Amino acid sequence: QAEEGDESKWSYIEKDRWSITLDARNTVKPEEVDTKDEAIRILRTHPEKYFGCQWIKAPYVGKAKVFPRNCIFYGTGWEESQSQPEAFGAMKAEYCVLPAKIPGPIRADMYTTGCLSQFSQFRLSSKSPGRQQGLCDVPGLKLIGDVDPGDIRQGEVGDCWLLSAISAVAEFDGAIHKLFEP
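Residues numbered from 1 in each chain as written. Predicted model: local features only at pLDDT ≥ 70, side-chain atom pairs only at ≥ 80, totals over all residues. Heavy atoms only, no water.

To describe a pair of aromatic rings, you give the distance between the ring centres and the angle between the ring planes. Under the criterion given, the structure shown has three aromatic pairs. Its end group placed over the ring of Trp 18, Lys 15 keeps NZ or CZ at 4.0 Å from the ring centre. Cation over ring: Arg 44 sits above Tyr 12, and NZ or CZ is 4.3 Å from the ring centre. (Phe/Tyr/Trp six-rings, centres within 6.5 Å; stacked < 30°, edge-to-face > 60°. Lys NZ or Arg CZ within 6 Å of the ring centre and 35° of its normal.)

Time to look at the environment of Glu 171. Along the polypeptide, Glu 171 turns up in the loop between helix H2 (160-170) and helix H3 (175-179). With relative accessibility at 55%, the residue Glu 171 sits in the exposed group. Glu 171 sits 23 residues away from Asp 148 along the chain, and the two C-alpha atoms are 7.2 Å apart. (Helix = DSSP H or I, 4+ residues; strand = E, 2+ residues; numbered from the N terminus. Buried < 20%, exposed > 50% of the residue type's maximum accessible area, 1.4 Å probe, protein only.)

It is worth spelling out the sheet that holds strand E7 (residues 88-95) at this point. Taken together, five strands build an open sheet; the order of strands is E1-E7-E4-E5-E3 and the sheet is antiparallel. Each edge of the open sheet is held by one strand with a lone partner, namely strand E1 (10-16) and strand E3 (31-33). For this sheet, the mean inter-axis angle between neighbouring strands, taken without regard to orientation, is 20°. With four bridges joining them, strand E4 (residues 50-56) and strand E5 (residues 64-68) adopt antiparallel strand pairing. Residue Gly 52 lies in a different strand from E5, and its bridge partner there is Phe 67. (Pairing = 2+ DSSP bridges. Axes fitted to C-alpha atoms, helices over the stretch in contact; angles between N-to-C directions.)

So, about the side chain of Lys 92. By secondary structure assignment, the location of Lys 92 is in strand E7. At a separation of 3.2 Å, a polar atom in the side chain of Lys 92 contacts the side chain of Glu 94. Leave out the neighbours within four places in its chain, and Lys 92 touches Ser 11, Tyr 12, Ile 13, Leu 43, Phe 51, Gly 52 and Trp 78. (Polar contact = N/O pair within 3.5 Å; in protein donor to acceptor, adjacent residues only side chain to side chain. Contact = heavy atoms within 4.5 Å.)

Before going further, it helps to spend a moment on the nonpolar core. Ranked by internal contacts, the top residues of the largest apolar core, which has 15 residues, are Val 33, Ala 39, Leu 43, Cys 53, Trp 55, Val 66 and Met 91. For this core, the elements supplying multiple residues, two or more each, are helix H1 (36-45), E4, E5 and E7. When residues in this core are grouped by element, the largest group, four residues, is from H1. When residues no more than four places from it in sequence are discounted, the contact partners of Cys 53 are Ile 20, Ala 39, Ile 40, Leu 43, Lys 65, Val 66, Phe 67, Gly 89, Ala 90 and Met 91. In terms of nonpolar packing, the next biggest core, distinct from the first, is built from seven residues, Phe 67, Cys 71, Trp 78 and Ala 90 among them. (Core = buried A, V, L, I, M, F, W, Y, C linked by side-chain atoms within 4.5 Å.)

With that out of the way, let us pick up H2. All of the buried residues in H2 are Leu 163, Ser 167 and Ala 170. Taken end-on, H2 shows its buried residues confined to a sector of 60°, consistent with a single buried face. Summarising the contacts, the buried residues of H2 are in contact with H3. (Arc of directions from axis to C-beta.)

A few words on the pattern of salt bridges. The final tally for this structure, using the stated rule, is six salt bridges. In this structure, the salt-bridge partner of Asp 16 is Lys 57, at a minimum N-O distance of 3.7 Å. Separated by 41 residues along the polypeptide, Asp 16 in strand E1 and Lys 57 in the loop between E4 and E5 bring together distant segments of the chain. With a closest N to O distance of 2.9 Å, Asp 23 and Arg 25 form a salt bridge. By relative accessible area, Asp 23 is classed as buried at 16%. Under the relative-accessibility criterion, Arg 25 is labelled exposed at 53%. (Salt bridge = Lys/Arg side-chain N within 4 Å of Asp/Glu carboxyl O.)

Now the structure itself:
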């Protein structure tokens, strides 16, 4: 069950010529509705449940779609449409947990600018959770909630060795929480 959060911290960004982008691994179906207005109403009523919506613009024909947050999105989850951009429009809901700008300079450590900044031939950027960068931009942001070994999801960073160890430690009730006690 997603938390609704402080209503004043939700922002809605609408862009013509943009569409929601799903990862090829996604198996969650977006909900189809008849109109753009209906899709926007659903998104604004339950932003904690839905990432965004997209619609087909006249003279093109098609249903509007509302995308649940449990979809697997490609990249940031939306981008300028590459195929017939004039046919699409989209809106996404963003929860502003923390200010987007971090006060003062960010002092990256040797790992952030070193081994964690590259994977294969790809250059990776660091992200700040809860600061409208697409990482944990949802109500109820906390470092650790309930811990379960099944929470682990390996991506493409090449850190399976670390995730395996964390999953093994999570088998013991309270062990992960104890790692973060002062």
